[in-house]
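The primary structure of each chain is shown beneath.
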Amino acid sequence: MKKKWPFVLVGILLLAGIVGSLLVLRRPDTNMVEIVQDGEVLYRLDLAQAEDQLIEVEYNGRVNTIEIKDHQIHMLAAQCPDNTCVHMGWLNSSAPIVCLPNRLVIQFAGEDALDAATG
């Protein structure tokens, strides 16, 4: 009986990790999206009503191009060293699209509880 507890503990931790991942990666119940730079909301859009468009946001001479197409949003292009934000794809979960060098975040509205907690 003593040798079974490590397997039970690992199973519980694995199950908790799976449940936690599903909660973080699920799509929020809102279509409202915010484009935030340096903590300031630049745009607040309802994807259900938004028309296809390109939005350019500048920071210190560098430009990020955000595309809204078919009621979805993603970072189309970015003038930053690694382009990680471009490779994140379409915003489809509560995990935001972030461009750290240009201090730009695309997130579903109301999903900034982590930022509020960390300051």
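Everything here concerns the structure above.
Predicted model, so just to flag it, every value in this text is computed and none were measured. (Residues numbered from 1 in each chain as written. Predicted model: local features only at pLDDT ≥ 70, side-chain atom pairs only at ≥ 80, totals over all residues. Heavy atoms only, no water.)

Engineer: Got a minute to help me understand the nonpolar core in this structure?
Structural biologist: In summary, soluble globular proteins display a tendency toward joint burial of nonpolar side chains. Counting residues in each nonpolar core, the largest one holds 20 residues, and the members touching the most others are I35, I66, I73, M75 and I106. Breaking this core down by element, the ones donating at least two residues are β1 (32–37), β3 (53–59), β4 (62–69), β5 (72–78), β6 (97–99) and β7 (104–108). (Core = buried A, V, L, I, M, F, W, Y, C linked by side-chain atoms within 4.5 Å. Buried < 20%, exposed > 50% of the residue type's maximum accessible area, 1.4 Å probe, protein only. Helix = DSSP H or I, 4+ residues; strand = E, 2+ residues; numbered from the N terminus.)

Engineer: Quick question: what am I supposed to make of the sheet that holds β3 here?
Structural biologist: Backbone hydrogen bonds are what pair the strands of a sheet, in a parallel or an antiparallel way. If you trace the 3 strands from one edge of the open sheet to the other, you get β3-β4-β5, paired in antiparallel fashion. Two strands bound the open sheet, and with one partner strand each, they are β3 and β5. The average undirected angle you get between the axes of adjacent strands in this sheet is 25°. Both β3 and β4 contribute to a ladder of 7 bridges, which runs antiparallel. Note that in β4 the partner of Y59 across the bridge is R62. (Pairing = 2+ DSSP bridges. Axes fitted to C-alpha atoms, helices over the stretch in contact; angles between N-to-C directions.)

Engineer: Help me understand a nonpolar patch on the surface, please; the structure alone is not making it clear to me.
Structural biologist: A surface patch of nonpolar side chains, about 350 Å² in accessible area, is lined by W5, L9 and L13. As for its position among the elements, W5 is in helix α1 (residues 5–25). Under the relative-accessibility criterion, W5 is labelled exposed at 54%. (Patch = residues over 30% accessible without salt bridge, like charges linked within 9 Å, V, L, I, M, F, W, Y side chains within 5 Å. Areas by Shrake-Rupley, 256 points an atom, 1.4 Å probe, with all protein chains shown as cover. Salt bridge = Lys/Arg side-chain N within 4 Å of Asp/Glu carboxyl O.)

Engineer: I keep staring at the pattern of salt bridges and nothing clicks. Help me out?
Structural biologist: Oppositely charged side chains can form a pair if their charged atoms are brought close together. Per the stated rule, a full pass over the model turns up 2 salt bridges. Notably, a salt bridge pairs R44 with E34, separated by 2.5 Å at the nearest N-O pair. Of this pair, R44 sits in strand β2 (residues 40–46) while E34 sits in strand β1, and the two are 10 residues apart along the sequence. In this structure, the salt-bridge partner of D38 is R103, at a minimum N-O distance of 3.5 Å. Of this pair, D38 sits in the loop between β1 and β2 while R103 sits in the loop between β6 and β7, and the two are 65 residues apart along the sequence. For D38, a relative accessible area of 49% corresponds to the partly exposed category.

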